[in-house]
Amino acid sequence: MDGWECYRMDFSKFPELAKAARGEVQADLVFRGGNVINVFTGEILRTSVAVKDGTIVGVGDGYVGAQEIDLTGKYLCPGFIDAHLHLESTMVTPAELVERAVKCGTTTYIADPHEAANVSGAAGIDYILDETEDVPANVYVMMPSCVPALPFEDNGCTFDAAEMKKYQNNPRILGLGEVMDYVSTVNADPAMTQKLALFDGKPKDGHAPGLTGKQLNAYVLAGITNDHECSSVEEVLEKRRLGMHIHIREGSAARNLEPIIDGIILHNMDISGFSFCTDDKHIEDIHTEGHIDHCVRKAIDCGIAPVDAIRMATIHTAQHYGLAHQLGAIAPGMQADLIVLDDLETVQIHTVYHRGKDVAGFRAQPKLPQDSPLRRTMHCLPVHQTHNRKRHGIQNLSVLNQCIAAANLTQMLYGTQHIRIVVTDDGQIMAVMRHGRCNRTVLYIKIHHGADTDFTRVVMPLHNGNFAVQIIRHKQAVFLRQAHLLMPCNQLVGNDADDVIFFSDRQLQLLRTNRQTVHGSPQRA
């Protein structure tokens, strides 16, 4: 088989599994009479699939199972694989993400705990591994390569090759996470080279938007095997020509699927070098759109054949990450991660199985102890009140609680921070965050109360001395929307804080007016 590793079998189980494959003993589960997607040949075959001890033991007719499921008129395909994601960006715990996304057919996740590691180092990585140990899905981890992301950044720790070494033999660590510091990579910085060498012969994820020419050649020379940052067909073509595998990203902020699929079709590209990933997708978008099933559905809508879209969501990713010996296809020896589809064109999911078990009943349970230091990486100083609560109403305190709760929920995105929450004389709420190491203000939030809590204004001093003001929707996401990659509705940048705040007032006024027009309800100042 293609991929980083060849087929492997647990031979302690082989004798009993072989009996089931030969039809001498009953299988645990048989899917009978469905349209089975064969990702190797591209065929759709009407046949049966037998499962024993969570492993596919046979594909063909004549098997008998303790449980038999009639799939007449339905389709059976391998479980989907998310080729690259940050679990932290979903804004829920890893187990909660799996609870939602596995029902969308994603049974395998290749996660890069970059944010967790930047806050808490090994403890953050261990949390991701521990939290996903017993979920009904396969959660693999790529070792974060850039902690801090860039040499000049402030973060919670430094994670070098020596720290990574203890994870080298963990079977759930597949390789090196996205190498976003491409300057250090291209210039053969000794510290970066040590990390690259540590994972020699294993997949190394890329992060190189816009990198081209000789710089890209040096980057690929370092052993970087893929990239998820492509946004144009020209970028895709250059990287594919150099042998890079392309993860087509469709997340919450970055949505690159449509132009890349259009380019694949236009240039008649071989699809074997493409997979799907979400990278950063918020839980509310997963609820409304789906997960990797959304990528498959959208690719089909753009003109990719349904079986090819499923290949991009399954076997291509498994092959790239050395998992094709057990994941990504329906064949003997494969793990029984399977999706029953009511309709192939619309990717309408009926049931999802992990190791031959229906995942519908899974409910995430919190595993992080209440006294864990990871619950206290965001430090809130006492609230300073300078106004009469009765005069301004209780709603401000509700917003204040949401602000603190959201900060704690996304604490692993920020690092050790100190926040002072201030309720001002005019009834507004401000949160001033100071970095624990250098005690400089990095974020200033002004929350508008009453009807205007749909909008949050964030004033952020930049490294160059300018100020960025963002107006963000959703009062429940005071920190959530700001925390990762800066995803605002509106943004202003200027060199004078008073000026940008003044213009943000005008933006807020326009937003209020617009909402009044849309909803037909009066707005409170």
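The present account deals with the structure reproduced in this document. (Residues numbered from 1 in each chain as written. Predicted model: local features only at pLDDT ≥ 70, side-chain atom pairs only at ≥ 80, totals over all residues. Heavy atoms only, no water.)

Overview of the overall build of the chain
Phase 1 of the analysis: Within the chain, the regular secondary structure consists of 19 helices and 23 strands.
Phase 2 of the analysis: Partitioning the intrachain contacts of the chain with sequence separation of at least 6 by distance along the chain shows that 67% fall at a separation of at least 24.
Phase 3 of the analysis: As displayed, the chain has an accessible area near 22,200 Å², and 51% of this comes from carbon and sulfur atoms. (Helix = DSSP H or I, 4+ residues; strand = E, 2+ residues; numbered from the N terminus. Contact = heavy atoms within 4.5 Å. Areas by Shrake-Rupley, 256 points an atom, 1.4 Å probe, with all protein chains shown as cover.)

Remarks on the side chain of His114
Phase 1 of the analysis: Tracing the chain through its elements places His114 in helix α3 (residues 114-120).
Phase 2 of the analysis: Here His114 is in contact with His86, Glu88, Pro144, Cys146, Ala149 and Met180, once residues within four sequence places are set aside.

Here we look at the sheet that holds strand β10 (residues 204-206)
Phase 1 of the analysis: What the 8 strands build is an open sheet, ordered β6-β7-β8-β9-β10-β11-β12-β13; its pairing is parallel. Here the strands that pair on one side only, and so sit at the sheet edges, are β6 (80-85) and β13 (274-277).
Phase 2 of the analysis: Relative to strand β8 (residues 138-143), strand β7 (residues 106-111) runs parallel, the two being bridged by 4 bridges. If you follow Tyr109 over to β8, its bridge partner there is Val139.
Phase 3 of the analysis: The strands that helix α2 (residues 94-101) touches are β6, β7 and β8; relative to β7, the one it contacts most, it runs at about 145°. (Pairing = 2+ DSSP bridges. Axes fitted to C-alpha atoms, helices over the stretch in contact; angles between N-to-C directions.)

Some remarks on the state of the cysteines
Phase 1 of the analysis: Evaluation of the coordinates by the stated rule reveals 0 disulfides.
Phase 2 of the analysis: Cys295 takes part in no disulfide bond, and the closest cysteine sulfur to it belongs to Cys277, at a distance of 7.5 Å.
Phase 3 of the analysis: A relative accessible area of 0% places Cys295 in the buried class. (Disulfide = S-S within 2.5 Å. Buried < 20%, exposed > 50% of the residue type's maximum accessible area, 1.4 Å probe, protein only.)

Remarks on the nonpolar core
Phase 1 of the analysis: Counting 64 residues, the largest nonpolar core has Phe31, Ile264, Phe276 and Val296 as its most contacted members.
Phase 2 of the analysis: In terms of residues, this core owes the most to one element, helix α12 (residues 292-301), which gives 5 residues.
Phase 3 of the analysis: Beyond its immediate stretch of four places on either side in the chain, Phe276 contacts Ile81, Asp82, Ala83, Ile248, Leu257, Ile292, Cys295, Val296, Ala299, Ala309, Met312 and Ala313.
Phase 4 of the analysis: In this structure, Leu176, Phe199, Met244 and Val359 belong to the second largest nonpolar core, which totals 50 residues. (Core = buried A, V, L, I, M, F, W, Y, C linked by side-chain atoms within 4.5 Å.)

Observations regarding the packing of aromatic side chains
Phase 1 of the analysis: According to the stated counting rule, one finds 3 aromatic pairs in the structure shown.
Phase 2 of the analysis: Between Phe31 and Tyr353 the ring centres are 5.0 Å apart and the planes differ by 80°, which places this aromatic pair in the edge-to-face class. Highlighted residues: Phe31 in strand β1 (residues 27-37) and Tyr353 in strand β15 (residues 348-354), separated in sequence by 322 residues. Pair check on accessibility: Phe31 and Tyr353 agree, each one buried.
Phase 3 of the analysis: Relative to Tyr167, the ring of Phe159 lies with its centre 6.4 Å away and its plane at 55°, an arrangement referred to as tilted. (Phe/Tyr/Trp six-rings, centres within 6.5 Å; stacked < 30°, edge-to-face > 60°.)

Remarks on the pattern of salt bridges
Phase 1 of the analysis: Across all of its chains, the model carries 16 salt bridges by this definition.
Phase 2 of the analysis: As a salt-bridge pair, Arg172 and Glu133 come within 2.9 Å of each other at their nearest N and O atoms. On the criterion of sequence distance, the pair formed by Arg172 in the loop between α5 (161-164) and β9 (173-179) and Glu133 in the loop between α4 (122-131) and β8 is long-range, its members being 39 residues apart.
Phase 3 of the analysis: By relative accessible area, which is 48% here, Glu133 ends up partly exposed.
Phase 4 of the analysis: Its salt-bridge partner being Arg255, residue Glu289 comes within 3.1 Å of it at the nearest N-O pair. With a gap of 34 residues between them, Glu289 in helix α11 (residues 283-289) and Arg255 in the loop between β12 (245-249) and α10 (257-266) connect regions that are remote in the sequence.
Phase 5 of the analysis: Note on Arg255: relative accessible area 32%, which makes it partly exposed.
Phase 6 of the analysis: The network of salt bridges with common partners includes Glu250, Arg255, Lys281, Glu289 and Lys298. (Salt bridge = Lys/Arg side-chain N within 4 Å of Asp/Glu carboxyl O.)

Section: the environment of Lys204
Phase 1 of the analysis: Structurally, Lys204 can be placed in strand β10.
Phase 2 of the analysis: Judged by its relative accessible area of 3%, Lys204 is buried.
Phase 3 of the analysis: Along the chain, Lys204 and Gly177 lie 27 residues apart, while their C-alpha atoms are 6.2 Å from each other.
Phase 4 of the analysis: Excluding anything up to four places from it in sequence, Lys204 contacts Leu176, Leu196, Phe199, Ala222, Gly223, Ile224, Thr225 and Asn226.
Phase 5 of the analysis: Here the side chain of Lys204 touches Phe199 through a polar contact of 3.1 Å, landing on its backbone oxygen. (Polar contact = N/O pair within 3.5 Å; in protein donor to acceptor, adjacent residues only side chain to side chain.)

Re the pairing of β13
One face of the sheet, then the other: side chains in a regular strand alternate in exactly this way.
Phase 1 of the analysis: Taking every second residue as pointing to the same face, both faces of β13 are buried, with Phe274 and Phe276 on one and Ser275 and Cys277 on the other.
Phase 2 of the analysis: In the sheet, β12 pairs with β13 via 4 bridges, with the strands oriented parallel. Counterpart to Ile248 in the pairing with β13 is Phe276.
Phase 3 of the analysis: For the crossover that starts at β12, traverses α10 and ends in the parallel β13, the hand is right-handed. (Right-handed = clockwise from strand over helix to strand, strands pointing away.)

Quick word on unusual backbone geometry
Phase 1 of the analysis: With a phi close to 50°, Asn268 is a non-glycine residue in the positive phi region.
Phase 2 of the analysis: Counting through the fold element by element, Asn268 comes out in the loop between α10 and β13.
Phase 3 of the analysis: Assessed through its relative accessible area of 70%, Asn268 is described here as exposed.
Phase 4 of the analysis: Even without glycine at this site, Val347 takes up a positive phi of about 50°.

What about α4?
Phase 1 of the analysis: In terms of burial, α4 is largely enclosed, as 7 of its 10 residues are buried.
Phase 2 of the analysis: Within α4, burial applies to Ala122, Gly124, Ile125, Tyr127, Ile128, Leu129 and Glu131.

Some remarks on the environment of Gly65
Phase 1 of the analysis: Following the sequence through the fold, Gly65 ends up in strand β4 (residues 65-70).
Phase 2 of the analysis: Given a relative accessible area of 9%, Gly65 falls into the buried group.
Phase 3 of the analysis: Here the alpha-carbon distance between Gly65 and Lys52, two residues 13 residues apart in the chain, equals 8.9 Å.
Phase 4 of the analysis: If we skip the residues at most four places from it in the chain, Gly65 touches Gln26, Ala27, Asp28 and Val30.

Some remarks on the pairing of β8
Phase 1 of the analysis: Of all the 6 residues making up β8, 6 are buried; the element is thus mostly covered by neighbouring parts of the structure.
Phase 2 of the analysis: Here β8 shows no split at all, with Asn138, Tyr140 and Met142 on one side and Val139, Val141 and Met143 on the other all buried.
Phase 3 of the analysis: Here β8 runs beside β9; their pairing, made up of 3 bridges, is parallel. When the sheet's bridge partners are listed, Met143 is paired in β9 with Leu176.

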